[in-house]
Amino acid sequence: MDISTVNSLCYEDFVDTFGNVVEKTPLIAAAVWSYRPFANLSDLEAHISDFIDNLPESGKEGVLRCHPDLAGRDLQRGTLTRESQEEQSQAGMASLSPEETTRMHQLNAEYKRRFGFPFVICAKMSDKAGILRQLNERCGNDLTKERECAINEVKKICCLRLRNLVLSDTRNKL
């Protein structure tokens, strides 16, 4: 859809369409709807990013807690959102060796114990080796640095999901 179609969506359709650009957080789409009309895709992205940035730290952690563990039980059970399923599969999380699975579970548990929210990375921009390396490295961050890093990953995920839904101005002109 193009940006004019986005701008013409009623509230319910907007939330239905964009409610998972930030994983399981339709509240963000609901809040951003009121900023219509958006000039372009970048304007929509900026409003979502600003909304996230203006959340208190507890709200940012809430956004992070809505994300599933990478290669976790939701992947095993088939209960991931469609977007997360595609992203994790593309990054190789659905085809880990038994050793990689064990290591991923150990690191996920350590990370969650340390920070209180799951590890978030833009899986679409990585692969299983990179994800394991980042998970291991980021376990060494302090809470403030890691929360900021994880929120930046949320924004990357959001932008890629938005670009799957909305044509950019450049693509509109082609």
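Computed from a prediction, not measured in an experiment: that's the story for all the values here.

As for the packing of aromatic side chains
For the coordinates displayed, the defined rule picks out seven aromatic pairs. On the basis of an interplanar angle of 20° and a centroid distance of 6.1 Å, the ring pair of phenylalanine 14 and phenylalanine 38 is categorised as stacked. Placement of the pair is phenylalanine 14 in helix H2 (residues 11-18) and phenylalanine 38 in the loop between helix H3 (26-32) and helix H4 (41-53), with a sequence separation of 24 residues. Of the two residues, phenylalanine 14 and phenylalanine 38, both sit in the buried class. In textbook terms, an aromatic cluster arises when at least three aromatic residues are bridged by ring pairs, as seen for Tyr111, Phe115, Phe117 and Phe119.

Comments concerning the environment of valine 15
Mapping valine 15 onto the fold places it in helix H2. When near neighbours in sequence (up to four residues on either side) are disregarded, valine 15 contacts Pro26, Ala29 and Ala30.

Thoughts on the packing of helix H5 (residues 57-65) against helix H10 (residues 143-165)
How two helices sit against one another is set out by the angle between their axes and by the gap between those axes. H10 packs onto H5 with a crossing angle of 55° between their chain directions and a minimal axis gap of 10 Å. Between H5 and H10, the angle falls in the class oblique. Relative to H10, the crossing made by H5 is left-handed. Each of Glu57, Lys60, Glu61, Val63 and Leu64 in H5 lies in contact with H10, whose residues at this interface are Leu143, Arg147, Ala150, Ile151 and Val154. Classifying every residue of the contact of H5 with H10 by side-chain character gives six nonpolar, no polar and four charged.

So, H2
For H2, the set of buried residues is Phe14, Val15 and Phe18. Down the axis of H2, the buried set is contained in an arc of 95°. They therefore lie on one face. If you follow the buried residues of H2, they end up packed against helix H1 (3-8), H3, H4 and H10.

Topic: the nonpolar core
What tends to happen in soluble globular proteins is that the nonpolar side chains get buried as a cluster. Core analysis: the biggest nonpolar cluster contains 46 residues, and Phe18, Val22, Leu44, Ile48, Met104 and Ile131 have the highest contact counts within it. For this core, the elements supplying multiple residues, two or more each, are H1, H2, H3, H4, H5, helix H8 (98-115), helix H9 (128-138) and H10. Per-element accounting of this core gives the leading share, six residues, to H10. Filtering out sequence-adjacent residues up to four positions away, isoleucine 48 remains in contact with Val21, Val22, Ile28, Val32, Cys158 and Leu162.

Here we look at the pattern of salt bridges
Close approach of charged atoms lets side chains of opposite charge pair. Applying the stated criterion to the full structure yields 14 salt bridges. Taking the shortest distance from any N to any O, the salt bridge between arginine 161 and glutamate 23 comes out at 2.8 Å. With arginine 161 in helix H10 and glutamate 23 in the loop between H2 and H3, this residue pair connects regions lying 138 residues apart in the sequence. Its salt-bridge partner being arginine 147, residue glutamate 57 comes within 2.6 Å of it at the nearest N-O pair. Taken as a pair, glutamate 57 in helix H5 and arginine 147 in helix H10 lie far apart in primary sequence, 90 residues in all. Put simply, Glu57, Lys60, Glu61, Arg65 and Arg147 are held in one network by salt bridges that share partners.

Section: the packing of H8 against H9
Closest axis-to-axis distance for the H8/H9 pair is 10 Å, and the angle between their directions is 35°. Crossing of H8 against H9: the hand is left-handed. From H8, Glu100, Arg103, Met104, Leu107, Asn108, Tyr111 and Phe115 reach across to H9, where they touch Lys128, Ile131, Leu132, Leu135, Asn136 and Arg138. In terms of residue class, the contact of H8 with H9 is made up of seven nonpolar, two polar and four charged.

Definitions and cut-offs
- Residues numbered from 1 in each chain as written.
- Predicted model: local features only at pLDDT ≥ 70, side-chain atom pairs only at ≥ 80, totals over all residues.
- Heavy atoms only, no water.
- Phe/Tyr/Trp six-rings, centres within 6.5 Å; stacked < 30°, edge-to-face > 60°.
- Helix = DSSP H or I, 4+ residues; strand = E, 2+ residues; numbered from the N terminus.
- Buried < 20%, exposed > 50% of the residue type's maximum accessible area, 1.4 Å probe, protein only.
- Contact = heavy atoms within 4.5 Å.
- Axes fitted to C-alpha atoms, helices over the stretch in contact; angles between N-to-C directions.
- Parallel < 35°, antiparallel > 145°, perpendicular 65-115°, else oblique.
- Left-handed = near helix turned anticlockwise from the far one by under 90°.
- Nonpolar A, V, L, I, M, F, W, Y, C, P; charged D, E, K, R; others polar.
- Arc of directions from axis to C-beta.
- Core = buried A, V, L, I, M, F, W, Y, C linked by side-chain atoms within 4.5 Å.
- Salt bridge = Lys/Arg side-chain N within 4 Å of Asp/Glu carboxyl O.

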